[in-house]
Each structure stands twice: as C-alpha cells, then as structure tokens.
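One-letter residues, chain by chain:
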Amino acid sequence: MSFGAAVAPAPQLVGSSTSGTTDRLAPQDHCVQSSGNDGISSLRWSETANHLVSTNWDGGVRCWEVQEQGGQIRALPKAQVNHEGNAPVLDCCLSPDGNTVFSVGADKAVRMWQLGQTPPNNVPQQIGSHDQPIKSVRFLKSSNMIVSGGYDKLLKFWDARQPNPVAQIQLPERVYDMDTSDTLMVVACAGRHILTYNVQGQPQEHERKESPLKFQSRCVAAFPDNTGYAVGSIEGRVGIQYATKVPGKDSFAFKCHREGNNVYAVNHIAFHKGYGTFSTVGADGIVNFWDKDNKQRLKGFPAIHRTISCAQFNTQGNMFAYASSYDWSKGSSHHAPNTPNEIFVHHVQDDEIKPKGKKSGYR
C-alpha cells in the first residue's frame, strides 16, 4: 500500500461487524474454548512454554496450554481468575520464567497471579494501585520490576514484595499503550505524546516527541532489537520510528487498514522475535504481516467478519493468536452484547512471516 495520501473519513461500523465473510484467517485456525463473555483486551504468551493468557472486559484473566503438532493446534483451558467486582481487565504480562501473570484494569489495581495456584476468592493478589484505571503493564527484565501506566498520567514501578512503588514518573497525558524490549521502554500517551526510556537500572527518559501520525495513538510496540518502535493510530496508519541511529535506516510512516474512502483503526502491533517482522490488526477485521526493513507487506489475510482487538506471536514464532472481538472503536452504543468474543490461533508458515528481500515501497 502506498503512503502519503489524504486521510479519508472513518467508516460507520455497526457493532463489531466488518465486511468480512469468515470467522477466522484460515480454515484450520484453532478456536480457543472459554474465551469470555465480553471484549478481549490483550493476549500474551509465556516465554518459556506455549501458555496463552488473555484479559477481558468481563473481569477475567484466563490461561490456556496450547499444543502444536504438524501444524495442528489445540488449546486446553488451564485456569481463570477474576479482578475484584469483575472490573474490566485491560492488559497483562508474564514474568520471564512464565510462572506469574501481572494484570491491570478498571479496578485501578496492579494484580499478581501465580499460575497453578488459586488465590482467595479467585481474585489475584493486589501489589499496587493507581488513582485512575490502569491501561498497561509490563515486566522489566533488567531490574525485575513491574511497570504500570494509567489514566492518572503516571508510570509506577513495583517490586512485588513491597506495597509502595519503588519509583514513579509523571507523564504529560494518560497512557494509551506501552511496550518494552530489554532496556527500551516506549509509552504512547493521549495528545499524541510518545516517550522512550532506558530502563537499564534506574529508568532514564531518552526522548519525548510528538507522534509522527496526525491522529490519536492506538498502539505501540518496541522492536525486538531495541532500536526503535512502531506506533499505530486510529487513522489506519503506522509509524516506524528509530530511537537510536541505525546506519541506512530512517523513520517513516505508511498507510494500512484502509478500503476505498474507509479508514480503520490499527488496534495492535506485534513483532515476530525471530525475524523482526511484525503484524498489524485492525477494526476492518484484517491481519497483515509486514517487513519494515524491506518496506513490504509479506502477507495480507482476507477480512474476518468481526473487528480484531489484539494479537500476539508466541516466542518460537510458529503460532499467532488473535482476538475476534469488539474493539470499542465506536463506543458503547455500537456494542452488540450477543456477538461472540473469540480467540483463534493460527499456525504461522515460514513464508508468511520471513523477509523476502528488498522491494521499493509497501504493497
């Protein structure tokens, strides 16, 4: 797809429906059972095993063991916990050893769940809090701390053994999304603010800038090699930004998730750790795989018939989980309560995600 053209008006979606005619990217994609009764807000894989964790607007944090053999996939439900009062859960992450899930949401709490254990009243232990709902959470490997970002315009850093934050950082606006990769942390805020930090030891601000995209930031993802990040917006556009200078590489932006005059939100960006390529998923029900280094689209899947709210590659890169779920891009008035919220796992073929060589421009 080319980039640089004028922005078209946003489409009028009804509920979570799109123009797609199928419920999954490929016929053999596995439908995960017991995926919840409301919008799916995040998907995360363990780094040490094929354990998939989801968070949901129904208050649930769920875990499955996913098995793949010869391209055939099945997911076995393992456990579920719920935030207090079934408050919506907006994000989660796992510890590097894969044993602990940290989750955040509308109950303003940072919670910790030891997999394999059932907490009192099935509510995960609270290890921190904000004054407003918490949008994002990540684990910092370099310091063994948990970082949370909220609508109170704060980043807070937690040691799970202490009730008070180890540190906190005032932000210019509310946190919309956040990601980390080794020593790089990138935070996308309201007002199109983007901040990057070096989190090797004491967090140090590296840069703050205005998003290269003209409209509200929707998602952000750090490059696996820590040199930069990708940011997606509500206007069907992605910005590739380098936080450090890389010879022969320049920042740029490109258009995606558009059809004619219709422009759709880019809901989530996920990088493949092996190849450094990435996916975008959108309110148009489409998944695309991209190669930023060669500036080309590797794979464009047919639209499914619901918006895709989030997605994630597993650590090995051979499985891709995605949520067919209302993304709330049209607000509560367009929410269709009886619409299924489903998670699928796609077996990733190497030729779908592996770089193909240099071409000019996105196609």
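Let me sum up the structure you'll find in this document. The structure displayed is predicted, hence computed values, not measured ones.

1. Thoughts on the overall build of the protein chain
Along its length, the protein chain carries one helix and 30 strands. With the principal axes as the frame, the protein chain shows a C-alpha extent of 55 × 45 × 45 Å. Split into buried and exposed, the 363 residues of the protein chain put 56% on the buried side. Long-range pairs, those at least 24 residues apart, make up 50% of the contacts in the protein chain with a sequence separation of at least 6. Carbon together with sulfur atoms contributes 45% to the accessible area of the protein chain, which is approximately 14,800 Å² in total. Charge separation in the protein chain, taken as the distance between the mean sites of 36 positive and 33 negative side-chain charges, equals 5 Å.

2. Brief notes about the pattern of salt bridges
Any two side chains of opposite charge can pair, on the condition that their charged atoms come close. Per the counting criterion, the structure on display carries 19 salt bridges. When the shortest N-O distance is used, the salt bridge between Arg138 and Asp91 registers 2.8 Å. Here Asp91 lies in strand E6 (residues 89-94) and Arg138 lies in strand E10 (residues 134-140), a separation of 47 residues in the sequence. Per residue, the accessibility class of Arg138 equals that of Asp91, and both read buried. By sharing partners, the salt bridges in this structure join Arg44, Asp91, Arg138 and Asp179 into a single network.

3. What to know about the pairing of strand E30 (residues 342-347)
Counted residue by residue, E30 has six buried out of six residues, so it is predominantly covered. A two-sided burial pattern is seen for E30, the buried positions comprising Glu342, Phe344 and His346 on one face and Ile343, Val345 and His347 on the other. The pairing of strand E1 (residues 30-32) with E30 spans three bridges and is classified as antiparallel. Across the sheet, Cys31 pairs through a bridge with Phe344, a residue of E30. Taken together, the six bridges between strand E29 (residues 319-324) and E30 define a ladder with antiparallel strand orientation. Bridge pairing links Ser324 to Glu342 in E30.

4. Structural notes on the sheet that holds E30
Taken together, the four strands give an open sheet; going across it, the order is E1-E30-E29-E28, and neighbouring strands pair in antiparallel fashion. With partners counted over all chains shown, the strands left at the sheet margins are E1 and strand E28 (308-313), one partner each. For this sheet, the mean angle separating the axes of adjacent strands, direction not counted, is 25°.

5. Quick look at the packing of aromatic side chains
Inspection of every chain in the model, using the stated rule, returns twelve aromatic pairs. Look at Phe254 and Trp290: their rings are 4.7 Å apart centre to centre, the planes differ by 55°, and that puts the pair in the tilted class. Of this pair, Phe254 sits in strand E21 (residues 252-255) while Trp290 sits in strand E26 (residues 287-291), and the two are 36 residues apart along the sequence. Like Phe254, the residue Trp290 is buried in the burial classification. Between Phe313 and Phe320 the ring centres are 4.8 Å apart and the planes differ by 50°, which places this aromatic pair in the tilted class. Through a chain of ring-to-ring contacts, the aromatic side chains of Phe289, Phe301, Phe313, Phe320, Tyr322 and Phe344 assemble into a single cluster. Across the ring face of Phe223, the terminal group of Lys292 is positioned such that the distance to the ring centre comes to 4.3 Å. When the ring centre of Phe252 is taken as origin, the NZ or CZ atom of Lys295, which lies over that ring, is 4.5 Å away.

6. Brief notes about the nonpolar core
One finds Leu25, Val287, Phe289, Phe313, Phe320 and Tyr322 to be the most contacted residues of the largest nonpolar core, which totals 17 residues. At the level of secondary structure, the elements contributing two or more residues to this core comprise E26, E28 and E29. Ranked by the residues each element gives to this core, the list is headed by E28, at three residues. For Tyr322, the contacting residues outside a window of four places in its chain are Arg24, Leu25, Asp29, Leu43, Ile308, Cys310, Ala311, Glu342, Ile343, Phe344 and His346. Among the nonpolar cores identified, the runner-up in size contains 16 residues, and Phe223, Tyr242, Phe254 and Trp290 belong to it.

7. Points about the environment of Thr22
In this fold, Thr22 is placed in the segment before E1. In this structure, the C-alpha to C-alpha distance between Thr22 and Val61, residues 39 residues apart in sequence, is 27 Å.

8. Some details on unusual backbone geometry
The phi dihedral of Asn144 is positive, around 60°, even though this residue is not glycine. By secondary structure assignment, the location of Asn144 is in the loop between E10 and strand E11 (145-150). Judged by relative accessible area, which is 53%, Asn144 ranks as exposed. Although it is not a glycine, Arg192 adopts a positive phi angle of roughly 65°. Within the secondary structure layout, Arg192 lies in the loop between strand E15 (184-189) and strand E16 (193-198).

The rules behind the values
- Residues numbered from 1 in each chain as written.
- Predicted model: local features only at pLDDT ≥ 70, side-chain atom pairs only at ≥ 80, totals over all residues.
- Heavy atoms only, no water.
- Helix = DSSP H or I, 4+ residues; strand = E, 2+ residues; numbered from the N terminus.
- Buried < 20%, exposed > 50% of the residue type's maximum accessible area, 1.4 Å probe, protein only.
- Contact = heavy atoms within 4.5 Å.
- Areas by Shrake-Rupley, 256 points an atom, 1.4 Å probe, with all protein chains shown as cover.
- Lys, Arg positive; Asp, Glu negative; His and termini not counted.
- Charge placed at Lys NZ, Arg CZ, Asp CG, Glu CD.
- Salt bridge = Lys/Arg side-chain N within 4 Å of Asp/Glu carboxyl O.
- Pairing = 2+ DSSP bridges.
- Axes fitted to C-alpha atoms, helices over the stretch in contact; angles between N-to-C directions.
- Phe/Tyr/Trp six-rings, centres within 6.5 Å; stacked < 30°, edge-to-face > 60°.
- Lys NZ or Arg CZ within 6 Å of the ring centre and 35° of its normal.
- Core = buried A, V, L, I, M, F, W, Y, C linked by side-chain atoms within 4.5 Å.

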